[in-house]
Each structure stands twice: as C-alpha cells, then as structure tokens.
Amino acid sequence: MGEAERFARLMRELKERAGLSYGALARRLHTSTSTLHRYCNGEAVPTEFAVVDRFARACGATRPEAVDLHRAWLLADARRRSLTNPRLTPGRAPEPVPEAERKPERGRGLEPASVGEQGSDSEPVRGAGPGLSVRWYRSRRAVVVAVAGVAAAGVAVVGLTAAGAGRGRGTAASPAAASAAPNPGPSPARTSPPSAGPTPSPASTSPSDPGSKPAPSATAPLRAAVRSHVWAAGCDHAYLARQGPADVPPPPVEADAPVWASAQRAVHAGTQIVEVTLHGAGPGAQAVVLEDLEVRVAARRTPPAWNVYQMSQGCGGALTPAGFAVNLDAPRPLARPVAGKDTGDALPAPAFPLRVSAAEPVVLRVEATTTGCDCDWSLDLRWSAPTGSGTLRLDDNGRPWRTSAAPNRPVYGFAHEQGRWSR
C-alpha cells in the first residue's frame, strides 16, 4: 500500500467512525466537498498540516490516532513532493553540491528550509524515501511529536514577524511556500523574459494607495500558514500564460498548482483566492484580537496579451465558504465580508474583531477579482494583544501576489480524451 493510500484509509476510518458527512467535514476543514472526497480516495494529499489537524479534531481522534494520521500525512506529502521535485525523486541519490557552493550549516532549530536545501544534505530520511534531507525531516518530525501537546497546530506553520521589525514588515509563509509559485512576470512593457517575482518600481506604484507599508509595531504573537493557489470548489480556476497550448502541460490537481504555475510562469487570471490560517503564539498562549484586514495594491499595469488556461471544464460543490471579497479595480480596494452556503444553509459572513489563540485558530479566506488591471497586491492584518498591537503584512513570502484580468483572450480547456488543450 502506498503512502497516499494508507493516509486515505486512515481518513476514511476516522470519518466513518465519527459518522460525519463529507459536507459537514468539508465545512469544518474550510475546503470543498469534492476536495475532501479526493483526500479520502487517495487522489490528492493536503498541502497544509492545519487541514490534517482540523480533520483529526473534527472526527474525535485519540492522541495515538492523531499521531498515526499525521505521520501518514508526512510520508504521503513527502512522496508527493518527491514526484514534483526531480532532486527528491525516489531511488535517486541526492545530487552532490560543489564545495564552493555549499552554504554554512544553520542551526538545528525549526527553520523553514527552501526547496533547494531539501536536496542538499547527504543523509537520507529513514522511512521516507532516500532522496529526503535530514534538515527537512527534522522540521517535519517535530510536527508529529508536537501533536501530543496543545501547541500542535502552531508547529506546522512559519512564524510571522510584525511590520517594522527586521526588514520593516511581517511576511506570512507556509511549508508550501518554498515550492509555491512566486508572482511571475514583469510589466508587458519590459523586454526581458518574465521574472519569477517582480518588484514594482516607484513609477508603477499606485498613486491611490500612498501608504504601502504598515507602521512599525511590536512582535506579532501569531503564526500563519498562507495558501495563495486555492481553487473554487477545489477544481475551478484559471491561469494566464505566455506559452501556446502545445507547450503547456496538462492541468495539475490543486495541491500541485504552485509548482505547475511556477514552471509556466503563469498568473492568476481574473480571480485569486488566498487562505490564511492563523494561530496564537504569544507568551502563555495568550489570545490575540484581529481587528481589521486592509488591502494594499502596489502596482497596476495593462493586462498581458497571454492565453487563458482553465484548470477544469466545469465543476461545482455544495459548499461555498464565507469570506472576504476584494475588487482590485476599485481606487481603494476593501475586504468586504461575504456570506456563504452549505447545501442550501446560509453561512454567516465573517466579521471583525476575531479572537485567535493557540487552541482556537482562525481561517481568513480572501477572493480578489479584477476585470481591468494586472495587479500586484497584498494584505495588512491589524491585531492587538496584551503585549501590544501592530500590523502583519500577508503576501507571497516577501513579494506581492499577482492577479491579472484577461479581457478578450483565447481560453483553453484540457480535453483529457485527446490529451491536449483545445478552445
């Protein structure tokens, strides 16, 4: 039995014992019913530890059962990563690193390791495939150990630094951020090839958004995991790419979208959904109050004349999560609360202030849309706690997200029976 199949079997057993429907569980996991089906059938593996942790809690898993589920997820996630990263291919020894290119050894704490570092250690991970590095497993192994404590959910995410500390702003990152697609492509007016992460020049900064950096503040007692390639109902999404259909590979599953989009230097077309899972991480697990969410548009450009590639020919689900809607075309975009529904039942719109602690996580779902610009944007989250208050910058690991309109562009869908993209 493969890693994904074993993880799926454990999920099915917990679900059946709990007697919960897919719709009820999907609502608690903040995902779609169709995506949860794929998890339980072994067709996909969650990219975030928080999803696995919420599933175990919702099903009433015992501590040993939760540890077994988390261990199975680690192995399944490792296998998924090895299939999308050639340096982690099973059965292949790690590529040697020239002496001149080796980086000095970092500390043995829970550091976020980049994709390049995952394949640079020579000692393989025991039981997780010969291509995995010791440093990567050291971080992930701590997740399994931490399940026995109340701070389990906080270990699986990367801590944020408040705005004004270090580089002057906080940046949200997740374990998937190392392989996530950076914001690709520069302004169409430039002659250089598309860049993996444009840094807007002062001339491209939106004049309607003068305060693009949050004010200095205290260290944020929060941990966050950010997903910026979230598909509606787990299957409905579209990307803009410069290449023609003959040069674009088949669409991936949602979990592999960051790697696929990065390889194509693709841009979110028309809509981008971002999910931020927040946990309290202050002294004594103190509660933190989330006060407001502000939208920052760093640049607006003319949409590129690229092709649109739809990830699905049509899908839908019974669950429409509540969240925040952002119109990037507005002079000063706002994050507006929007209600959702679950098989006809209304889900209330989120409303600030929100309380976050280590035992009470909060998921912020933001859906940004545009019909007229190629936009670079980020979010500022204002918070307060007994130790102080401040603002966290949420973005793509230090760079803004990029969402572009696609007016009158060719739209392609993938014909699986023919094995090619077609209009």
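Before any of the text, the structure's been laid out above.
Residues numbered from 1 in each chain as written. Predicted model: local features only at pLDDT ≥ 70, side-chain atom pairs only at ≥ 80, totals over all residues. Heavy atoms only, no water.

A. Quick look at the overall build of the protein chain. Along the backbone of the protein chain there are nine helices and 19 strands. Sequence separation of at least 24 residues holds for 76% of the intrachain contacts in the protein chain that already meet a minimum separation of 6. (Helix = DSSP H or I, 4+ residues; strand = E, 2+ residues; numbered from the N terminus. Contact = heavy atoms within 4.5 Å.)

B. Summary view of the side chain of His237. As for its position among the elements, His237 is in the loop between strand E2 (222–230) and strand E3 (238–241). Taking relative accessible area as the criterion, His237 reaches 7% and is therefore assigned buried. Here the side chain of His237 touches His268 through a polar contact of 2.9 Å, side chain to side chain. Discounting chain neighbours no more than four positions away, the residues touching His237 are Val230, Trp231, His268, Thr271, Gln272, Tyr309, Gln310 and Met311. (Buried < 20%, exposed > 50% of the residue type's maximum accessible area, 1.4 Å probe, protein only. Polar contact = N/O pair within 3.5 Å; in protein donor to acceptor, adjacent residues only side chain to side chain.)

C. Molecular detail of the nonpolar core. Counting residues in hydrophobic clusters, the biggest one holds 32 residues, and the most contacted among them are Leu290 and Trp377. If you list the elements that add at least two residues to this core, you get E2, strand E5 (271–280), strand E6 (288–301), strand E9 (323–327), strand E13 (354–356), strand E14 (362–369), strand E15 (374–385) and strand E16 (388–394). Aside from chain neighbours lying at most four places away, what touches Trp377 is Gln272, Val274, Arg296, Val297, Ala298, Leu328, Val366, Ala368, Pro400, Trp401 and Thr403. (Core = buried A, V, L, I, M, F, W, Y, C linked by side-chain atoms within 4.5 Å.)

D. The arrangement of the packing of helix H2 (residues 22–29) against helix H4 (residues 49–58) in detail. The geometry of H2 relative to H4 is characterised by a closest axis approach of 9 Å and an angle of 130° between their N-to-C directions. Classified by the angle between their axes, H2 and H4 sit oblique to one another. Regarding H2 and H4, the two cross each other, and that crossing is right-handed. Residues Leu25, Arg28 and Leu29 of H2 pack against Val51, Arg54, Phe55 and Ala58 of H4. Partitioning the contact of H2 with H4 into residue classes produces five nonpolar, no polar and two charged. (Axes fitted to C-alpha atoms, helices over the stretch in contact; angles between N-to-C directions. Parallel < 35°, antiparallel > 145°, perpendicular 65-115°, else oblique. Left-handed = near helix turned anticlockwise from the far one by under 90°. Nonpolar A, V, L, I, M, F, W, Y, C, P; charged D, E, K, R; others polar.)

E. Seen up close, unusual backbone geometry. The omega torsion across Phe352 and Pro353 is 5°, close enough to zero to call that bond cis. Even without a glycine there, the phi angle at Arg265 is positive, about 50°. Counting through the fold element by element, Arg265 comes out in the loop between helix H9 (257–264) and strand E4 (267–269). Phi is positive for Asn408, close to 55°, though the residue is something other than glycine. Tracing the sequence through the fold places Asn408 in the loop between strand E17 (401–404) and strand E18 (411–415). Here Asn408 falls in the exposed class, since its relative accessible area comes to 79%.

F. Fine view of the packing of aromatic side chains. Evaluation of the coordinates by the stated rule reveals seven aromatic pairs. Both rings, one in Tyr239 and one in Trp260, keep their centres 5.6 Å apart while their planes meet at 50°; by these two values the pair is tilted. Residue Tyr239 is located in strand E3, and its partner Trp260 is located in helix H9; the two are separated by 21 residues in the primary sequence. For Trp260, a relative accessible area of 8% corresponds to the buried category. Where Phe414 meets Trp421, the ring centres are 5.3 Å apart and the plane angle is 75°; that geometry is what we call edge-to-face. When its relative accessible area of 5% is taken as the criterion, Trp421 is described as buried. Counting every residue linked through ring pairs, the aromatic cluster contains Tyr309, Tyr412, Phe414 and Trp421. (Phe/Tyr/Trp six-rings, centres within 6.5 Å; stacked < 30°, edge-to-face > 60°.)

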